[in-house]
Amino acid sequence: DLDDRIFSIQLKGALDGASSEDLYLYLESQMKIGYKRFIFNFSHVNFITSNGIGTLLKIQKNLGQDLGYCFVIYGLSKEVETVLSLLG
C-alpha cells in the first residue's frame, strides 16, 4: 500500500520555469500511482525563480491535507530559504 510509503526526491540546480513544470508533472504521475507523502531535498538547489515558487505553491494547494497528502521541504540554502520565507 503506497499510502504508508514516502516518496523522496533530491532536486539539483535551479528550480525555474522548465524544471518546475517537469517537477510538477512528475509528482502528478507519482500521485496517480498512489503516493501521498513527499519529501523534497533542496540541499542542492541554488536558485529559485518566480515560476519555481509558483509551482511549489501549486503543489502545496494540490497536496491538500484534506486529501491525505503531505509534503516536507528540507535542506534549503540561505538564499532559497530567504526567498520562500518572504512569501510565507
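K.L.:
Even after reading the chapter, I still don't get the overall build of the chain, so can you show me in this structure?
P.N.:
Of the regular secondary structure elements, the chain holds three helices and three strands. Going from the N terminus to the C terminus, the chain shows its helices and strands as β-α-β-α-β-α. Taking 12 Å as the expected radius of gyration for a compact globule of 88 residues, we find that the chain reaches 13 Å, a close match to that expectation. Principal-axis analysis of the C-alpha atoms gives the chain an extent of 35 × 25 × 20 Å. The proportion of buried residues among the 88 residues of the chain is 34%. If you sum the accessible surface of the chain, you get close to 5,500 Å²; carbon and sulfur atoms cover 53% of it.

K.L.:
What am I meant to see in the packing of helix H1 (residues 17–32) against helix H2 (residues 50–62) here?
P.N.:
With their axes 8 Å apart at the nearest point, H1 and H2 run at an angle of 15° to one another. Considering the angle they form, H1 stands roughly parallel to H2. Judged by the sense of rotation from one axis to the other, the crossing of H1 with H2 is right-handed. Only Asn 51, Gly 52, Thr 55, Lys 58, Ile 59 and Asn 62 of H2 make contact with H1, whose side of the interface consists of Gly 17, Ser 20, Glu 21, Leu 23, Tyr 24, Leu 27 and Met 31. Per-class residue counts for the contact of H1 with H2 are five nonpolar, six polar and two charged.

What counts, and where the lines are drawn
Residues numbered from 1 in each chain as written. Predicted model: local features only at pLDDT ≥ 70, side-chain atom pairs only at ≥ 80, totals over all residues. Heavy atoms only, no water. Helix = DSSP H or I, 4+ residues; strand = E, 2+ residues; numbered from the N terminus. Rg over C-alpha atoms; globule rule 2.2 N^0.38 Å. Buried < 20%, exposed > 50% of the residue type's maximum accessible area, 1.4 Å probe, protein only. Areas by Shrake-Rupley, 256 points an atom, 1.4 Å probe, with all protein chains shown as cover. Axes fitted to C-alpha atoms, helices over the stretch in contact; angles between N-to-C directions. Parallel < 35°, antiparallel > 145°, perpendicular 65-115°, else oblique. Left-handed = near helix turned anticlockwise from the far one by under 90°. Contact = heavy atoms within 4.5 Å. Nonpolar A, V, L, I, M, F, W, Y, C, P; charged D, E, K, R; others polar.

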